[in-house]
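In case you want the letters, here they are:
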Amino acid sequence: GAVVSQHPSWVICKSGTSVKIECRSLDFQATTMFWYRQFPKQSLMLMATSNEGSKATYEQGVEKDKFLINHASLTLSTLTVTSAHPEDSSFYICSASTHLGNTIYFGEGSWLTVV
Amino acid sequence: QQPVQSPQAVILREGEDAVINCSSSKALYSVHWYRQKHGEAPVFLMILLKGGEQKGHDKISASFNEKKQQSSLYLTASQLSYSGTYFCGTVPDRGSTLGRLYFGRGTQLTVWP
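Keep in mind that what you see is a predicted model, and the values were worked out from it rather than measured.

Calculation criteria
- Residues numbered from 1 in each chain as written.
- Chains lettered and ligands numbered in written order.
- Predicted model: local features only at pLDDT ≥ 70, side-chain atom pairs only at ≥ 80, totals over all residues.
- Heavy atoms only, no water.
- Core = buried A, V, L, I, M, F, W, Y, C linked by side-chain atoms within 4.5 Å.
- Buried < 20%, exposed > 50% of the residue type's maximum accessible area, 1.4 Å probe, protein only.
- Helix = DSSP H or I, 4+ residues; strand = E, 2+ residues; numbered from the N terminus.
- Contact = heavy atoms within 4.5 Å.
- Buried area = accessible area lost by both parts, 1.4 Å probe.
- Salt bridge = Lys/Arg side-chain N within 4 Å of Asp/Glu carboxyl O.
- Polar contact = N/O pair within 3.5 Å; in protein donor to acceptor, adjacent residues only side chain to side chain.
- Pairing = 2+ DSSP bridges.
- Axes fitted to C-alpha atoms, helices over the stretch in contact; angles between N-to-C directions.

Quick notes on the nonpolar core
General note: in soluble globular proteins, nonpolar side chains tend to be found buried as a group.
So, point 1. Counting residues in each nonpolar core, the largest one holds 25 residues, and the members touching the most others are A:Val4, A:Trp35, A:Phe67, A:Tyr92 and A:Leu112.
So, point 2. Contributions of two or more residues to this core are made by strand 2 (10-13), strand 3 (19-25), strand 4 (32-38), strand 5 (45-51), strand 7 (67-73), strand 8 (76-81), strand 9 (90-97) and strand 11 (110-114) of chain A.
So, point 3. Filtering out sequence-adjacent residues up to four positions away, A:Val4 remains in contact with A:Cys23, A:Arg24, A:Phe28, A:Cys94, A:Ala96, A:Tyr105, A:Phe106, A:Gly107 and A:Glu108.
So, point 4. Formed by 21 residues, the second largest nonpolar core is a distinct cluster that contains B:Val10, B:Met46, B:Tyr82 and B:Tyr86.

Written out as structure tokens, the structure reads:
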């Protein structure tokens, strides 16, 4: 079964609104989680590293004020896309690793469509 | 930081073999291989940690040449279920945050009966 769960799987929102996506580690504690974005037929692009109890670390070119990340507990990280626009429509995926970091588990992904 | 994958696409008949390559311009600590079906999350295949390491299970294996900063994924006697997009993900160096991966553009593999 899944060890990392994402919710929702699909979300459609109006332009200008905010959307929250949750990522949960089910059978282990994850002090670090990662958020990726994938446009159709493209690669997974790392957006940010979510650190439990501290600020997220964003990759170059990713707007931290637009993509808010909160990692309030050892099993939950959330990504909030603020003031969403159609160009934010994408497949968002989170991942988490065990403390050894050798195996990285991905969530099921969340399809965001902004209309 | 993004590794380079080749080829971009492969079309095979069931039972044929394929090799997918992944190379980086930077030193690598580890290489992770994933397969992704359309609309789904990537599925972990294997991780290679040491220079010259080779791994495999069933008919899928991989090698990692640390000095050349390259990894190859070998699929032998391909099955229809092997179809999908294969990604290599790299961890640049030992000091990088564990789990922080940079992915190649992917190789689309199609297996026909």
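Still more to cover.
Quick notes on unusual backbone geometry
So, point 1. That bond from A:His7 to A:Pro8 is cis: its omega, 0°, falls within 30 degrees of zero.
So, point 2. Turning to its location among the elements, A:Pro8 is positioned in the loop between strand 1 (4-7) and strand 2.
So, point 3. Omega for the bond connecting B:Ser6 with B:Pro7 falls within 30 degrees of zero, at -10°, which places this linkage in the cis form.
So, point 4. Of note, B:Pro7 is situated in the loop between strand 1 (4-6) and strand 2 (9-13).

Description of the interface of chain A and chain B
So, point 1. Between chain A and chain B, the contact holds 25 residues from the first and 21 residues from the second.
So, point 2. Counting each side, the surface lost to burial between chain A and chain B is near 1700 Å², with a carbon and sulfur contribution of 61%.
So, point 3. As a salt-bridge pair, A:Glu59 and B:Arg100 come within 2.9 Å of each other at their nearest N and O atoms.
So, point 4. Along the contact surface separating chain A from chain B lie six residue pairs in polar contact (both at pLDDT 80 or more).
So, point 5. Within the residue set of the side of chain A that touches chain B, elements represented by two or more residues are strand 4, strand 5, strand 9 and strand 10 (104-106) of chain A.
So, point 6. With four residues, the top contributor of residues to the side of chain A that touches chain B is strand 4 of chain A.

Topic: the sheet that holds strand 3 of chain A
All names here are of chain A.
So, point 1. With antiparallel pairing, four strands are arranged side by side in an open sheet as 1-3-8-7. The strands lining the two open edges of the sheet, one partner per strand, are strand 1 and strand 7. On average, adjacent strands in this sheet sit at an angle of 15° to one another, irrespective of strand direction.
So, point 2. One ladder, built from four bridges, connects strand 1 with strand 3; its direction is antiparallel. Residue Val4 lies in a different strand from strand 3, and its bridge partner there is Ser25.

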